[in-house]
Each structure stands twice: as structure tokens, then as C-alpha cells.
Amino acid sequence: MGAFSRKHAHMVSRDMNEVTHQKSLLLVEDQEQFYAPISRWLAEEGYQVTLASSLTDAQTCLETGHYHLAIVDIRLQDDDPPNQEGMKLLEEIERRGLNGVMPCVVLTAYANVQNILTATQVRHVARFIEKNPGYGAELLTAVRTQFTETIGINFDLIYDLDAEQLIPQIAADINWETPPKPAAAVLVPQVYDLFGRLFAKARRLFVAKLKPGLTGAAVVFAQPTWTFGMGPAYVVKIGRREKARLEGQRYNDFVKPYLPPDTTTQVDVTFTQHLGALQYRFAESDFRPLKEFDEFYETRSAKEIITSLQNLFQTTGRYWYDRPERRFADLTQLYYAAFQLDEAKLHGRIREIIPDFTPEQPFLTLPPDNTQIDNPIAWLTQHHGECVMAVYHCITHGDLTGRNIMVSEQGRCWLIDFYRTHESHILRDFVILETDIKYRLLPAIDDATFTRLEQTLLAAAPTETEGVTAVTLPPTVHKAAQILLALHAIAYDFLRGRSRDRQDTRQEYLISLLMATLNVARLRHIPASRKLQAMRSASYICAELDKLAGRI
């Protein structure tokens, strides 16, 4: 039976009538007397075979295609006895980082001790097979063994409710910071592979897209059905391989030993050539699924959200903040490093919204109404000495936005996305979350209302969360003000509980918030109008710091 006659019904797309997830092999062989029967044998066992008859063809295939296993002949020009292009290809496969995800079987009629040792000991091929009589059976056995014992992908996984139609969308959601992004024909089967590895023993899988991560990853809800019924639900984060690998390392270093056991658990990490997937499980009933904080923020009251944030910082993340180390730091440089930013890049992003911006000018003119404000970049230069102080360092999440917080119906918080989790400034998570609420979760507001919000936040005492009721603010803005003041109160408690002077505490928070607010100018997902409001806010923070220093 041919490869295309052995399809399982659940593997066939209703619209395209083709197999959506196939066992794909690259056969590198220059002689028809060998590649013709080998291709036929493999196809009869259900494998999709791509033939490359030269080193150049094979390199092109690796660049444009996706394969689970490669079968490589050593001599790719039969009329050239010294030819070793197959060995060069094995070196190329290693250079591309494919050794761990695409096993290689060497099949050759020119075996010698040197080739065997190089292939097995240096290039770490899975099998070395000589083209002796009966080699076909040995080859098929080796291929089956590799798919069963090494590759470990569930190709028979059934996707419930046409969920397989989401796979191309998931691949499209993954951002590639350094072009070119691999083609969909390369990434889509890799997404299938990731699910096939994570749920290698599952019978069925339901997947639903969550909002993509702000750092360029796709985030997916996954509900598997195992042999004897449904198991727990998972959140799966899929992104670029190197970022997933780093996040997995940081989870093991900074998350697993510290977060309480009834919160986030990273179950597995797996990789393909270009992608990595991190599988997270949460201690929550599958029949009452977690919500993203974005949705929780939109649908719940300020009181409920404040309670949830208290749970986040005081329960979920309490061990991170429990024993911070105090040492001197330049807060401006600390936050430039935290945001993977530098002054030149920030200045360039500011010019995108304020074309006549220059760092040295004391004032900025904001479009479209030519409002003049103090230049926060010039302020940082002039008062740089005030940004150097003794501050607390501890483990921080590093990217604490609403997209990376999951909330239960009861308001308990779980975290995902630990790519930026490591030691940093104790206030980093607070000021990132504040700017995310202010410029992304809060619906767009006019400049006059935004100014009233800023005045309210800066005028209130650090522990005051009720005073905003006396200020005339629209309901959504009033709600945001209450939540942000509560966030201030939690942060100030973290600092004041360690015998800090009140003025130093406020100065430290304001400088940290100033840096996080300026960072908004370089965020691609924030509209230009909100970035201009962030520049207003930065100017107001500078004025408040001047007031704190007695200059005004």
C-alpha cells in the first residue's frame, strides 16, 4: 500500500483531502538503482520521501523543507571514488543544529573504518548500514526504531473540533526578530511535531489559541484525552528555539525552586529545528479554566482585581521578594539593561512620534496640538546622580504584563513566560505592570482625562486607594486609578518593610516608573497616541521628582 492510501481518517483535512502530519524523510542518494527501491519501500510503509541526488540538492532541501529523519549516502558522485560529499552533508546537518531533532542513517557501499568512526563518533549518526545483500530490511528496521525510540512523535494524534486548522495560525503568531522568518511550509509541520512530542501518548487533543505573547510567542490552551479519558489542561507556549531553551533554563534556575508548588509547574520542554515549546500546568479545576489577566481586568471590579494582585505579589511570588540584597545601582542603566535597550535606540523610537526630538533640549513639543512639556531625557542627563542609590535586588518575573498572568475564578494568580526571569530591581515587576495597565489595558482616553489620572496618581499618598473617589474621572479611568494606587501601596510595603526612608522609597519608585514609562515609546504594540501620553507622564514624573528634591 502506498503512503497516500494509508491515511487515517482523522489525519485528513476536510478541505484539502491530504495528510496533515506525516513522517517525512530526506533520502540523499545519487544512484537510481538504490534510490528507486528505497523510495518505494519507505512509501509502502507510510513515509513521505524527498529525494536529493547531490549535496547541493540536499542543502536546498534542508533550507526549504522539514524532515524527521535523513538517510545519507557518503559518495554522491559515483564516478568520483574519493567523493565524501555525504560526510560534508553530515557536517552541515550538525551546523544547522539538527542533530538532536533529525536523526541520520548512513547508507553506503563504501564503508571503511575511517568513515564508520567519523560518522558514528564525530557526527553521531544513528546507524551506519552497508549496502550488502538484504540491506533493505536492515534499513527499514533502523527507520522504524528511530521513529519509535528517538523521534518520539505521536503522528496519530486526533485534533478535536477541527483544531488542526489553528496550526498554521499558531505558526503565524510566532514573531521572528531577526529576518528572514522560515516559511510556513517549514514551521507548520514543526508545530505539529511539538504537539506530537508533548502529547506522545494522548489519543486526542483540543487546542485553542490564547492571545500571542508580547515577546513574540504563540500561547495555546491544550486539553488532551488519554487512553482512559481526559487529563489536566495545559498552557503551551511556542516560540523560537533559542528563546524557549533560555526560558526553560530560567524556569529551572529562578522559578521552580521558589514559586509555591500549587501554582505554576513546567511539565515539559521540547524542540524542533526552529521552534521550542514549553508546557505549563496549573493547580486549578479544568472545568473552571483560568483566564488571562487581560480578560479578568476587563470583567471584574477594582476590588476583585486588587485582591488578585495582592495574591500575586504576596502569595504567588512571595519567595522571590523574601530576601532581597541591597546594593548600589544606577537605576537608569539597570533598566536599560532590563529592557534590552540603549539610549540611542530609545531616542530613535521617540523621534518616530516626536520628529523634532533632540535629547539635549529642555522642552519637547508634542503633536498634534504643539503642547510643550519638560524633556525627560534631558532631565535624566541633568540629574543622573540622583538615579544612583542603594536599592534592593531579587528575582523578578521580568515581563509582568497582563498577557503573562493567568487568573482563576477565585482571583488566584499563576504566571507564564519566564524568558526574562532573573535577578533584577525589586520594583521592576511593579512598574512594568503599571505601564501595561495604563497604556494597554486601560481603553484610550483623551489627553485631558489622562492628565487628571496622572495628577491623581502622583498626588495620592502611597497607601491611599480610596481618595480617587473625590476626583472626577470616567468609570474606566477611576477603576484604573484605584488599581494602580493599590499596586503602589503593595510596592511601597515591600520597600518600607525593610526600614527605608519614605522619601527615598518614593524617589526610587518614581525613577523606576520613569524608566518603564519611557520604555513604552519603543513598544511596537502600543499606538502612537498612547506613546505620546507616556511622554507626558514621564514629564510629570520628572516634575514630581523635582518637587521631592525641593527644586520646585
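Cut-offs and rules
- Residue indices begin from 1 for each chain and proceed along its sequence in written order.
- Selection of residues for local features in this predicted model requires a pLDDT of at least 70, selection of side-chain atom pairs for listing and counting requires 80 or more, and totals for whole chains, interfaces and linings are taken over all residues.
- Only hydrogens and water are removed before side-chain values are computed, so all heavy atoms of the structure are retained for them.
- Helix and strand assignments come from DSSP, with helices taken as H or I runs of at least 4 residues and strands as E runs of at least 2, each series counted from the N terminus.
- A 1.4 Å probe rolled over the protein chains alone gives each residue an accessible area, and that area as a share of the maximum for its type sets the label: buried under 20%, exposed over 50%, partly exposed in between.
- Only heavy atoms enter the contact rule, under which two residues are in contact if any of them lie within 4.5 Å.
- Accessibility throughout is a Shrake-Rupley quantity obtained with a 1.4 Å probe, and a residue counts as covered only by protein chains that appear here.
- As used here, the term nonpolar core means buried Ala, Val, Leu, Ile, Met, Phe, Trp, Tyr and Cys residues forming a set that is joined through side-chain atoms within 4.5 Å.
- One less than the number of residues in a helix, times 1.5 Å, gives the span that helix is expected to have.
- In this context, the arc is that of the directions from the helix axis out to the C-beta atoms.
- By definition, two strands form a pair when at least two bridges between them are found by DSSP.
- In this description, a line fitted to the C-alpha atoms serves as the axis of each element, helices being fitted only across the stretch in contact, and the angle between N-to-C directions of two axes falls anywhere from 0 to 180 degrees.
- If an angle is under 35 degrees, it is roughly parallel; if it is over 145, roughly antiparallel; if it lies from 65 to 115, roughly perpendicular; otherwise it is oblique.
- Left-handed describes a crossing whose near helix is turned anticlockwise from the far helix through less than a right angle; right-handed describes the clockwise counterpart.
- Any residue that is not Ala, Val, Leu, Ile, Met, Phe, Trp, Tyr, Cys, Pro, Asp, Glu, Lys or Arg is counted as polar, Gly included; the first ten are nonpolar and the last four charged.

**Student:** Mind showing me how you'd approach the overall build of the protein chain here?
**Tutor:** In terms of helices and strands, the protein chain carries 19 helices and 20 strands. Counting all 552 residues of the protein chain, 56% fall into the buried class. Looking at the protein chain alone, contacts between residues at least 24 apart form 70% of all its contacts between residues at least 6 apart. In the structure as shown, the protein chain presents an accessible area of about 23600 Å², 50% of it carried by carbon and sulfur atoms.

**Student:** Any chance you could explain the environment of W176 here in plain terms?
**Tutor:** Here W176 shows up in the loop between α6 (167–173) and α7 (184–198). What makes W176 buried here is its relative accessible area of 15%. With 41 residues separating them in the primary sequence, W176 and A217 have C-alpha atoms 9.2 Å apart. In this view, W176 contacts K181, P182, L187, R240, H274 and L275; residues no more than four positions away in its chain are not counted.

**Student:** Would you mind showing me how to read the nonpolar core here?
**Tutor:** It is characteristic of soluble globular proteins that their nonpolar side chains tend to be buried jointly. Of all hydrophobic cores here, the largest spans 103 residues; its most connected members are L309, F313, I354, I405, F430, L514 and M535. With 13 residues, the top contributor of residues to this core is helix α17 (residues 475–496). Among the nonpolar cores identified, the runner-up in size contains 27 residues, and A171, V191, Y192 and Y234 belong to it.

**Student:** I would appreciate a short explanation of helix α1 (residues 32–44) in the present structure.
**Tutor:** Each turn of an α-helix holds 3.6 residues, which means side chains three or four residues apart point in the same direction. Spanning 13 residues, α1 covers 18 Å between terminal C-alpha atoms, matching the ideal 18 Å at 1.5 Å per step. Taken as a whole, α1 has its buried residues at F34, P37, I38 and L42. In an axial view of α1, the angular spread of the buried residues amounts to 130°, which keeps them on one side of the axis. Seen from the open side of α1, the exposed residues pointing more than 90 degrees away from its buried face are E32 and Q33.

**Student:** When you look at the pairing of strand β4 (residues 104–108) in this model, what are you seeing that I'm missing?
**Tutor:** A regular strand carries its side chains on alternate faces of the sheet. Among the five residues in β4, five count as buried, and that is most of the element. Along β4, one buried face is formed by C104, V106 and T108 and the opposite face, lined by V105 and L107, is buried too. Across three bridges, strand β3 (residues 69–72) lies against β4 in parallel orientation. The residue of β4 that forms the bridge with V72 is V106. Here β4 runs beside strand β5 (residues 127–130); their pairing, made up of four bridges, is parallel. The residue of β5 that forms the bridge with V106 is F128.

**Student:** I would appreciate a short explanation of the sheet that holds β5 in the present structure.
**Tutor:** Adjacent strands of a sheet form backbone hydrogen bonds with each other and so pair up, either parallel or antiparallel. Strand order across the open sheet formed by five strands is β2-β1-β3-β4-β5, with parallel pairing between neighbours. Both edges of this open sheet fall to β2 (48–52) and β5, since each of them pairs with a single strand only. Going from strand to strand, the sheet's axes swing by 20° on average, the running direction of each strand aside.

**Student:** Teacher, can you tell me more about the sheet that holds strand β14 (residues 325–330) here?
**Tutor:** Sheet architecture is open: three strands sit in the order β14-β17-β20, paired in antiparallel fashion. Each of the sheet's edge strands pairs with one partner strand only, and the pair in question is β14 and β20 (422–425). Between one strand axis and the next, the sheet turns through 45° on average, direction left out of account. Note: β14 against strand β17 (residues 388–396), six bridges, orientation antiparallel. Of the residues in β17, the one forming a bridge with R326 is Y392. Those strands touched by helix α12 (residues 331–338) are β14, β17 and β20, and its axis lies near 95° from that of β14.

**Student:** What should I look at first to understand the packing of helix α15 (residues 428–441) against helix α16 (residues 447–459) in this one?
**Tutor:** Packed helices, taken two at a time, are described by their axes: the angle between them and the distance between them. For the pair α15 and α16, interaxial distance at closest approach is 13 Å and the crossing angle is 155°. Between α15 and α16, the crossing angle belongs to the class labelled roughly antiparallel. The element α15 and its partner α16 pack so that their crossing is right-handed. Every residue of α16 that contacts α15 at E434, K438 and Y439 is listed here: F450, L453, E454 and L457. Across the contact of α15 with α16, the residue classes break down as four nonpolar, no polar and three charged.

What is shown is where atoms sit, not what they do.
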